[in-house]
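Notes for the structure review
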Amino acid sequence: PDAGRAPDVFAPALADRWRIASLFAVPMLSRGEIVGVLVASHRERTGPFSAKQRQLACGVAHATAIALENVRLIADLQAASRLKTEFVSTMSHELRTPLNVILGFCEMARDCDLNAVDRGRSLERIEIAGRTLLELVEGTLEIGKLEAGKDTPRLEPVDLSALWTRLADEYAVRPRGAGVELTWGAALPGVVVSGDPRRLAMVVRNLVGNALKFTQHGVVRVEMQAEATTVMLRVSDTGPGIPQADHEAIFGMFRQGDGSDSRRYDGTGLGLYLVRCFVEQCGGAVTLESTVGVGSTFTVRLDRAAPAAAVDPVAA
């Protein structure tokens, strides 16, 4: 009722500066949070505001909060529409490229005059394109399951040494760029974490696959490091690096540095999004260190679990 005589509610200095004698403020609430304040004041008259004025101010504040929420919803819908359009364009490009490779090298492999070496190279390119398609489909299906909430993780003790050795053997025979060296660190025995083995395998595959894709010349290193309570899975490369401004954005769904059809590197932007989701589901965290022109290092940190008790074969 008297702004100048309520220092615990309104600063007298502000009342003098803005020439406010009496003040009525109504919060604008959206989803239980204050998104703004509607303020009405008199410059000279003091005293309480009437019930009609209070009712009118509350109605205007409520209507304004609804309008602000509608604006936010419309902006979200527009962003979702743009994202859908970009994803459809990207997906079409990603499907078309490996399919063209498969069809082209199949035609070459049918040539009776083709020597054994070139036929083997053709089959190798077909295999690479087939694996690319498979990973694309698997990633898209995983996104659908996550969004629908139909695929909850099965957390259990996972022997990382066995998983690590299996993935090392898998990538040892996978084709990669001629100028790229893949070094896979030795597995550490007795390292057990609580997680979903299928998801942890996809995390490593996505990180190693990304590193091999973006590294044209140099080294990709895959390492495991164990501490007293945690385990670090580290994938580093000597690729082009990632600008600091994009360190958080690349973990978003369908996010890429270049979304055009003419971009240099393929991919839908799902891999790192799935990596972060799966690691967090297992109670871990993933971090990135990168320098443009030098390379990138992704580190997955997981909590160690107590190793499973050994089973007496005689008792069993």
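Notes on the overall build of the protein
Within the protein, the regular secondary structure consists of six helices and nine strands. Scored against the burial criterion, the 316 residues of the protein give a buried share of 35%. Restricting the contact set of the protein to residue pairs at least 6 apart, pairs at least 24 apart contribute 65%. Carbon and sulfur atoms make up 57% of the accessible area of the protein, which amounts to about 18,900 Å² in all.

Here we look at the environment of Asn100
Relative to the assigned elements, Asn100 resides in helix H2 (residues 51-109). For Asn100, a relative accessible area of 47% gives the class partly exposed. Spatially, the C-alpha atom of Asn100 lies 9.9 Å from that of Ile126, the residues being 26 residues apart in sequence.

Observations concerning the sheet that holds strand E9 (residues 295-303)
Spatially, the five strands line up as an open sheet ordered E4-E6-E7-E9-E8, and their pairing is mixed. Each edge of the open sheet carries a strand with a single partner, namely strand E4 (180-184) and strand E8 (285-291). Recorded for the sheet is a direction-independent mean angle of 10 degrees between the axes of neighbouring strands. Bridge count between E4 and strand E6 (residues 218-226): five bridges; the pairing is parallel. Considered in E6, the bridge of Leu182 is made with Val220.

Some words on helix H6 (residues 271-281)
The set of residues buried in H6 consists of Leu272, Tyr273, Leu274, Val275, Cys277, Phe278 and Val279. At the C-terminal side of H6, Gly283 shows a positive phi close to 80 degrees.

Details of the pattern of salt bridges
Taken as a whole, this structure holds eight salt bridges when the rule is applied. Put simply, Asp2 and Arg5 hold a salt bridge, and the shortest N to O gap is 3.6 Å. Arg5 sits in the exposed class, given a relative accessible area of 73%. Here Arg205 and Glu170 are joined by a salt bridge, their closest N and O atoms 3.1 Å apart. Remark: Glu170 occurs in helix H4 (residues 160-172) and Arg205 occurs in helix H5 (residues 197-214); sequence separation between them is 35 residues. One network of salt bridges, with partners in common, ties together Arg31, Glu69, Arg72 and Asp76.

Digging into the nonpolar core
Within the largest apolar cluster, 47 residues are counted, with the highest numbers of intra-cluster contacts made by Trp184 and Leu233. If you tally residues by element for this core, the top one is H5, at nine residues. For Leu233, the contacting residues outside a window of four places in its chain are Leu160, Trp164, Val204, Glu223, Met224, Phe298, Thr299, Val300 and Leu302.

What about the packing of aromatic side chains?
Considering all chains together, one arrives at five aromatic pairs under this definition. Here the aromatic rings of Tyr171 and Trp184 are separated by 5.8 Å at their centres, their planes lie at 25 degrees, and the arrangement is stacked. Of this pair, Tyr171 sits in helix H4 while Trp184 sits in strand E4, and the two are 13 residues apart along the sequence. The exposure classification of Tyr171 matches that of Trp184, with both residues buried. Following the ring pairs from residue to residue traces out a cluster consisting of Trp164, Tyr171 and Trp184. A cation over a ring is seen here: Arg276 above Phe251, with NZ or CZ 4.3 Å from the ring centre.

Let's talk about the packing of H4 against H5
Where H4 meets H5, the closest approach of the two axes is 11 Å, and the angle between their N-to-C directions is 40 degrees. Relative to H5, the crossing made by H4 is right-handed. Residues Leu163, Arg166, Leu167, Glu170 and Tyr171 of H4 pack against Pro197, Leu200, Ala201, Val204, Arg205, Val208, Gly209 and Leu212 of H5. Along the lines of polarity and charge, the residues of the contact of H4 with H5 split into nine nonpolar, one polar and three charged.

Some thoughts on the confidence of the model for the protein
Summing up the model confidence of the protein, the mean pLDDT is 83 and the portion of residues at 70 or higher is 90%. In this model residues 257-263 is a low-confidence stretch, pLDDT under 50, and it forms ten contacts with partners more than four residues away in sequence or in other chains. Residue range residues 309-316 is modelled with pLDDT below 50. Its contacts to residues more than four positions away, or to other chains, number one contact.

Focus: the environment of Pro240
Tracing the chain through its elements places Pro240 in the loop between strand E7 (230-237) and H6. Accessibility expressed as a relative area gives 36% for Pro240, which makes it partly exposed. The spatial distance from the C-alpha of Pro240 to the C-alpha of Ser290 is 9.2 Å, given a sequence separation of 50 residues.

What to know about the environment of Ala25
Mapped onto the secondary structure, Ala25 falls in strand E1 (residues 22-30). Residue classification places Ala25 among the partly exposed positions, given a relative accessible area of 44%. Placed 36 residues apart in sequence, Ala25 and Ala61 show a C-alpha to C-alpha distance of 9.5 Å. Excluding residues within four positions of it along the chain, Ala25 makes contact with Val37, Leu38 and Val39.

Scoring rules and cut-offs
- In every chain, residue numbers begin from 1 and rise along the written sequence.
- The predicted nature of this model means local features are confined to residues of pLDDT at least 70 and side-chain atom pairs, given and counted, to a pLDDT of 80 or more, with totals for whole chains, interfaces and linings taken over all residues.
- Hydrogens and waters are ignored; side-chain quantities use all the structure's heavy atoms.
- The secondary structure listing takes helices from DSSP runs of H or I that are at least 4 residues long and strands from runs of E that are at least 2 residues long, numbered from the N terminus.
- Relative accessibility under 20% of the residue-type maximum defines a buried residue, over 50% an exposed one, and the middle range a partly exposed one, all with a 1.4 Å probe and only protein chains included.
- Residue contacts are defined here by distance: any two heavy atoms, one from each residue, within 4.5 Å place the two residues in contact.
- Computed with the Shrake-Rupley method and a 1.4 Å probe, the accessible areas treat only the protein chains shown as cover for residues.
- Here a strand pair is declared whenever DSSP counts at least two bridges between the two strands.
- Axes, fitted as lines to C-alpha atoms, cover a helix only where it is in contact. Angles between the N-to-C directions of the axes lie from 0 to 180 degrees.
- A side-chain nitrogen of Lys or Arg and a carboxyl oxygen of Asp or Glu constitute a salt bridge if their distance falls within 4 Å.
- By nonpolar core is meant a set of buried Ala, Val, Leu, Ile, Met, Phe, Trp, Tyr and Cys residues that side-chain atoms within 4.5 Å join together.
- Centres within 6.5 Å are what make two rings of Phe, Tyr or Trp a pair, Trp counting through its six-membered ring; a difference in plane orientation under 30 degrees is then read as stacked, over 60 as edge-to-face, and the rest as tilted.
- Two limits define a charge over a ring: the Lys NZ or Arg CZ must be within 6 Å of the ring centre, and within 35 degrees of the ring normal.
- Should the near helix be turned anticlockwise from the far one by less than a right angle, the crossing is termed left-handed; should it be turned clockwise, right-handed.
- Under the scheme applied, nonpolar residues are Ala, Val, Leu, Ile, Met, Phe, Trp, Tyr, Cys and Pro; charged residues are Asp, Glu, Lys and Arg; polar residues are all the others, including Gly.
- The quantity called pLDDT is the predictor's confidence in a given residue, expressed from 0 to 100.

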